[in-house]
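Each chain, written out:
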Amino acid sequence: MLPLADRFLSLRRDPDSGEVLARGGGPDAHGILERAGFVPVARVHELYHRLPTGLTPQEETRLATRAVARLRSAGIPMECDRAFETDALEVADLTLGAQVGNLAARIRRATSSAEVAEALAEVTAGYDGVLAGLADVLTAAAGFHQDLGGPADRPAAERLHYLAVHGLGTIAADLRTIRTDLADRRTPHPRRSVCAGEVPENEREASAVCACPPLPPPAPAPTAARLR
């Protein structure tokens, strides 16, 4: 967890450039900022967020004020210019990314291959799985760029099409193979016992312990070389 000093966020209009900038904050704050219209800027020694170019001062104030409402609703420690202050609160629904993240939590709790296969099915389902939805998003974005008219728009459309078909296609094919293998194996995980370590209520010996065999030693984590 980030220390409080690093999680503190400042949202102000820069006196030199005139840009509305958000500095500081943790990953949760960054996600809120990006959904409120801010753009991340990665520098060598800093990651900060700015509003898109071309906005009027009124539009900048509206977006910054809305971001403040969202950040304060989420309990993010922050300060801002007086122009962006608001008493409004904006409670957000669970984001799509957080919902997908819940699948990771299910996998971490899983005690059998069948449970992991069930979670991965939400990702690999061909019609309405996570990857299918993401491919549809990329295809739609490619269609938007196709005739947008700028010199870089057609190459962007081609890149998006490539990512939708080939990039995600490779990931989807690999994950479906892994998911199928897990579904067919239907085996318990050797290091994730469902045993709670309890002894029967009628056990008379106070020192009695669970009779389950000890867990095997953990397997070595895969290295980058093995994953290639």
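Here is a short report on the structure shown in this document. (Residues numbered from 1 in each chain as written. Predicted model: local features only at pLDDT ≥ 70, side-chain atom pairs only at ≥ 80, totals over all residues. Heavy atoms only, no water.)

### Some words on the overall build of the chain
Per the secondary structure count, the chain includes 8 helices and 5 strands. The N-to-C order of helical and strand elements in the chain reads α-β-β-α-β-β-α-β-α-α-α-α-α. Counting across all 228 residues of the chain, residues that qualify as buried make up 25%. For the chain, the share of sequence-separated contacts (at least 6 apart) that also reach a separation of at least 24 residues comes to 49%. (Helix = DSSP H or I, 4+ residues; strand = E, 2+ residues; numbered from the N terminus. Buried < 20%, exposed > 50% of the residue type's maximum accessible area, 1.4 Å probe, protein only. Contact = heavy atoms within 4.5 Å.)

### Section: the packing of helix 6 (residues 130–146) against helix 7 (residues 153–185)
Remark: helix 6 packs on helix 7, axes separated minimally by 7 Å, with the N-to-C direction vectors making an angle of 170 degrees. Relative to helix 7, the element helix 6 is oriented roughly antiparallel. Side by side, helix 6 and helix 7 meet where L131, L134, A135, L138, T139, A141, A142, H145 and Q146 of the first sit next to D153, R154, A156, A157, L160, H161, L163, A164, L168, I171, A172 and L175 of the second. Residue classes in the contact of helix 6 with helix 7 are distributed as 15 nonpolar, 4 polar and 2 charged. (Axes fitted to C-alpha atoms, helices over the stretch in contact; angles between N-to-C directions. Parallel < 35°, antiparallel > 145°, perpendicular 65-115°, else oblique. Nonpolar A, V, L, I, M, F, W, Y, C, P; charged D, E, K, R; others polar.)

### Considering the sheet that holds strand 4 (residues 47–50)
Spatial strand order, 3-4-2-1-5: 5 strands in an open sheet with mixed pairing. A single partner strand is all that each edge strand has here, and the edge strands are strand 3 (39–42) and strand 5 (78–80). Sheet twist, expressed as the average angle between the axes of neighbouring strands with direction ignored, equals 20 degrees. Two elements, strand 1 (residues 9–13) and strand 5, share 3 bridges in a ladder whose sense is parallel. By the bridge assignment for strand 5, S10 is matched with E79. Those strands touched by helix 2 (residues 27–35) are strand 1, strand 2 (20–24), strand 3 and strand 4, and its axis lies near 25 degrees from that of strand 4. Where helix 3 (residues 57–73) meets the sheet, it contacts strand 1, strand 2 and strand 5, and its direction lies at approximately 165 degrees from that of strand 1. (Pairing = 2+ DSSP bridges.)

### Looking at the pattern of salt bridges
All told, the structure shown has 10 salt bridges when counted by the stated rule. Across the salt bridge formed by R13 and E60, the nearest N and O atoms sit 2.8 Å from each other. Highlighted residues: R13 in strand 1 and E60 in helix 3, separated in sequence by 47 residues. Looking at E60, the relative accessible area reads 12%, which means it is buried. Salt-bridge contacts for R66 lead to E90; the nearest nitrogen and oxygen are separated by 3.2 Å. One end of the pair, R66, is in helix 3; the other, E90, is in the loop between strand 5 and helix 4 (96–109), with 24 residues separating them in the sequence. A residue is classified by how much of its surface remains accessible, and R66, at 38% relative accessible area, is partly exposed. E90 gets classed as partly exposed once you look at its relative accessible area, which sits at 27%. Ionic contacts of the salt-bridge type, sharing partners, join the residues R12, E79 and D81 into one network. (Salt bridge = Lys/Arg side-chain N within 4 Å of Asp/Glu carboxyl O.)

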